[in-house]
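Here is how the chains run, residue by residue.
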Amino acid sequence: MTVSLNPYINFRGEGRAALEFYHGIFGGELTVSTFGEAGMPVDPADANLIMHGMIVSPSGLTLMVSDTPSYMELTVGDNVSVSLSGPDEAELRGYWEGLLPGANVQAPLETAPWGDTFGMLVDSFGIGWLVNITAR
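No experiment lies behind these values; they were computed from the predicted model shown. (Residues numbered from 1 in each chain as written. Predicted model: local features only at pLDDT ≥ 70, side-chain atom pairs only at ≥ 80, totals over all residues. Heavy atoms only, no water.)

Undergrad: I'd like a description of the nonpolar core, backed by residues and values.
TA: Among the nonpolar cores identified, the biggest contains nine residues, and these are Leu84, Leu92, Trp96, Leu99, Leu109, Leu121, Trp129, Val131 and Ile133. Apart from residues no more than four positions distant in its own chain, Leu99 is found in contact with Leu84, Leu121, Asp123 and Trp129. In terms of nonpolar packing, the next biggest core, distinct from the first, is built from eight residues, Leu19, Ile50, Leu63 and Val65 among them. (Core = buried A, V, L, I, M, F, W, Y, C linked by side-chain atoms within 4.5 Å. Buried < 20%, exposed > 50% of the residue type's maximum accessible area, 1.4 Å probe, protein only. Contact = heavy atoms within 4.5 Å.)

Right, dumping it as structure tokens:
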């Protein structure tokens with residue numbers, strides 16, 4: 001089972017344009033899901049924003065992008081986090097547990113509306129982490 005570690009960049013309404021720009025550079029497979037498509041509880045004005053976008057290049061590079069909904073803070077410069085994702089629940093939960101001491105948990109590691117197990121935290125060094133355990 002493979003676990004991926006890759007950058008995850010957050011934007012304020014520019015996620016789609018950024019994805020198109022980066023896709024033009026890196027090529028590969030592009031997937032996009034909006035907050036509205038995922039049934040996330042956001043302001044109606046945020047429904048068409050990118051909840052999750054991903055580019056996987058032909059050489060295996062992975063870049064993830066999302067828009068930050070209007071009710072959440074976003075500071076340019078602090079808008080990049082690290083994503084850990086894959087199907088190996090034991091390994092990913094182990095990483096989550098290892099990151100917890102001194103962390104600020106922004107979303108507990110639990111079942112998300114899209115069916116995976118997902119959590120977000122800022123570690124004791126101020127680095128944002130996203131953990132997504134793929135549903136089986």
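Undergrad: Describe in detail helix α1 (residues 15-26), supporting the description with residues and values.
TA: Over its twelve residues, α1 extends 16 Å from the first C-alpha to the last, a length consistent with the 16 Å expected when each residue adds 1.5 Å. Taken together, the buried positions of α1 are occupied by Gly15, Ala18 and Leu19. The buried residues of α1 occupy an angular sector of 100° when projected down its axis, which confines them to one face. Facing away from the buried side of α1, by more than 90 degrees, are the exposed residues Ala17, Glu20, Phe21 and Gly24. Here the buried face of α1 lies against β1 (4-11), β2 (29-34), β3 (50-56) and β4 (62-67). Directly after α1, the chain includes Gly27, whose backbone phi takes a positive value near 65°. (Helix = DSSP H or I, 4+ residues; strand = E, 2+ residues; numbered from the N terminus. Expected span 1.5 Å × (residues − 1). Arc of directions from axis to C-beta.)

Undergrad: Outline the pairing of β4, listing residues and values.
TA: Burial analysis of β4 places five of its six residues in the buried class, the great majority of the element. Where β1 lies against β4, four bridges are found, and the strand directions are parallel. For Ile9, the partnering residue across the bridge sits in β4 and is Val65. Taken together, the four bridges between β3 and β4 define a ladder with antiparallel strand orientation. Looking at the pairing, Ile55 lines up with Leu63 of β4. Hairpin connection from β3 to β4: five residues lie between these consecutive antiparallel strands, with Gly60 at a positive phi of about 95°. (Pairing = 2+ DSSP bridges.)

Undergrad: I'd like to hear about the packing of aromatic side chains, residue by residue, with values.
TA: Taken as a whole and judged by the stated rule, the model has two aromatic pairs. Between Trp114 and Phe118, the aromatic rings sit 5.2 Å apart at their centres with planes inclined by 65°, giving edge-to-face as the arrangement. (Phe/Tyr/Trp six-rings, centres within 6.5 Å; stacked < 30°, edge-to-face > 60°.)

Undergrad: An account of the sheet that holds strand β7 (residues 117-122) is requested, with residue identities and associated values reported.
TA: Strand order in this open sheet of eight strands is β2-β3-β4-β1-β5-β8-β7-β6, and the pairing throughout is mixed. A single partner strand is all that each edge strand has here, and the edge strands are β2 and β6 (104-111). Direction aside, the axes of adjacent strands within the sheet are offset by 20° on average. Pairing of strand β5 (residues 80-86) with strand β8 (residues 128-133), which is carried by five bridges, proceeds in the parallel orientation. (Axes fitted to C-alpha atoms, helices over the stretch in contact; angles between N-to-C directions.)

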